[in-house]
Amino acid sequence: MEIVQVVGLGLIAAILVLVVKEQKPMFAFLIATFAGIVIFLMLVGKIETVIQVLIDLAERSGIEPVYLKTILKIIGIAYIAEFGAQVVRDAGQEGIASKIELAGKVLIMVLAVPIISVIIETVMKLLPA
């Protein structure tokens, strides 16, 4: 029941942040950031398991490894950008958080171009000339 641990840690961190925020806002931010990092580290093992299953499925289905690697990179960028934006948002910097999210979206689009190209080429081959 990892979710109970995650929720428990989150609740404890939230209470600590509320208590400390009035006197030491910087410590409150550090507590929130530390809690986020610990929660992320708790989930790394689960992420590795999912990645391994996806790699096994791709190998059995004959999908080119480059496509799976690209998709995994895209997913990684999305998670990292979201985490970074949330941390910056917690620090009260909405504008910077928005820029992090924009950068993540642009990088995802850049990585997706080869896959989109293959899809378009495949559709073009299926269409009558």
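Residues numbered from 1 in each chain as written. Predicted model: local features only at pLDDT ≥ 70, side-chain atom pairs only at ≥ 80, totals over all residues. Heavy atoms only, no water.

J.: I'm lost on the side chain of threonine 70 in this one. Help?
T.: Checked against the element boundaries, threonine 70 lands in helix 3 (residues 65-90). Taking the relative accessible area as the measure of exposure, threonine 70 reaches 14% and is therefore buried. Looking at threonine 70, its side chain comes within polar contact range of the main-chain oxygen of valine 66, at 2.7 Å. With residues near it in sequence (within four places) discarded, threonine 70 still touches Leu111 and Ile115. (Helix = DSSP H or I, 4+ residues; strand = E, 2+ residues; numbered from the N terminus. Buried < 20%, exposed > 50% of the residue type's maximum accessible area, 1.4 Å probe, protein only. Polar contact = N/O pair within 3.5 Å; in protein donor to acceptor, adjacent residues only side chain to side chain. Contact = heavy atoms within 4.5 Å.)

J.: Whenever I open this one, the packing of helix 3 against helix 4 (residues 94-126) confuses me. Can you help?
T.: If you want to describe how two helices pack, look at the angle between their axes and the distance between the axes. At a closest axis distance of 8 Å, the pairing of helix 3 and helix 4 adopts a crossing angle of 175°. In this view, helix 3 runs roughly antiparallel relative to helix 4, as classed from their interaxial angle. (Axes fitted to C-alpha atoms, helices over the stretch in contact; angles between N-to-C directions. Parallel < 35°, antiparallel > 145°, perpendicular 65-115°, else oblique.)

J.: I keep staring at a nonpolar patch on the surface and nothing clicks. Help me out?
T.: A contiguous nonpolar patch, built from Ile37, Phe40, Leu41, Met42, Leu43, Ile47, Ile51 and Phe83 and spanning about 630 Å² of accessible area, is present on the exposed surface. Among the elements that take part in the nonpolar patch, helix 2 (residues 25-61) stands out by supplying 7 residues, more than any other. Take leucine 41: it is sitting in helix 2. Judged by relative accessible area, which is 55%, leucine 41 ranks as exposed. (Patch = residues over 30% accessible without salt bridge, like charges linked within 9 Å, V, L, I, M, F, W, Y side chains within 5 Å. Areas by Shrake-Rupley, 256 points an atom, 1.4 Å probe, with all protein chains shown as cover. Salt bridge = Lys/Arg side-chain N within 4 Å of Asp/Glu carboxyl O.)

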